[in-house]
Amino acid sequence: QVQLVESGGGLVQAGDSLRLSCAASGRTISNYVMGWFRQAPGKEREFVAAISSTWSGGRKYYVDSVKGRFTISRDNAKNTVFLQMNSLKPEDTAVYYCAAGSGSTYSDLKEYVYWGQGTQVTVSS
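The structure presented is a predicted model; accordingly, all values stated were derived computationally and were not measured.

Thresholds, definitions, all that
- Residues numbered from 1 in each chain as written.
- Predicted model: local features only at pLDDT ≥ 70, side-chain atom pairs only at ≥ 80, totals over all residues.
- Heavy atoms only, no water.
- Core = buried A, V, L, I, M, F, W, Y, C linked by side-chain atoms within 4.5 Å.
- Buried < 20%, exposed > 50% of the residue type's maximum accessible area, 1.4 Å probe, protein only.
- Phe/Tyr/Trp six-rings, centres within 6.5 Å; stacked < 30°, edge-to-face > 60°.
- Helix = DSSP H or I, 4+ residues; strand = E, 2+ residues; numbered from the N terminus.
- Lys NZ or Arg CZ within 6 Å of the ring centre and 35° of its normal.

### Examining the nonpolar core
Consideration 1: Membership of the largest hydrophobic core comes to 28 residues, with the highest contact counts inside it found for L4, M34, W36, L83, M85 and Y96.
Consideration 2: Ranked by size, the runner-up nonpolar core spans six residues in total, among them V33, F37, F47 and A50.

Structural data, given as structure tokens:
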């Protein structure tokens, strides 16, 4: 079992930055694909970013809309995954979820079996 707890969300203005944290317990996250997803009101949950397990190379993936602005990282010593979000836009407003899985299709939410409770990110213009 893996327990995930997100934190770091909040209300910011366009152009500001936030760093989301996902603290894991129960298992070492280095053995998992770790992903960030988001869900805006009236929209389906969508893939944002992922980092593969250490054995598979720790590769990073991003949805096109956040490339160059968001950075996913992992601190194995703290068993925590981060999502650094810069140059935030109103369209980034959503509940952000951290997830852990063992699949290879990093952008498919069905590949993830453990999920956090979500943290709200609101970006005003």
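### Here's the deal with the packing of aromatic side chains
Consideration 1: Inspection of the entire model under this criterion finds seven aromatic pairs.
Consideration 2: Note on Y32 and Y114: the rings are 6.4 Å apart at their centroids and 80° apart in plane angle, and the pair reads as edge-to-face. Of the two residues, Y32 sits in the loop between β3 (18-25) and β4 (33-39) while Y114 sits in strand β10 (residues 112-115), which places them 82 residues apart along the sequence.
Consideration 3: Overall, the relative accessible area of 11% leaves Y32 in the buried class.
Consideration 4: For the pair Y61 and Y106, a centre-to-centre distance of 3.8 Å together with 15° between the ring planes defines the contact as stacked. In this pair, Y61 is assigned in strand β6 (residues 60-62) and Y106 in the loop between β9 (94-101) and β10, connecting sequence segments 45 residues apart.
Consideration 5: Take Y106: its relative accessible area is 31%, and that puts it in the partly exposed class.
Consideration 6: Following the ring pairs from residue to residue traces out a cluster consisting of F37, F47, Y61, Y106, Y112 and W115.
Consideration 7: The ring of Y97 has R45 lying over it, and the distance from NZ or CZ to the ring centre is 3.7 Å.
Consideration 8: One residue, R45, lies across the ring of W115, its end atom 5.1 Å from the ring centre.

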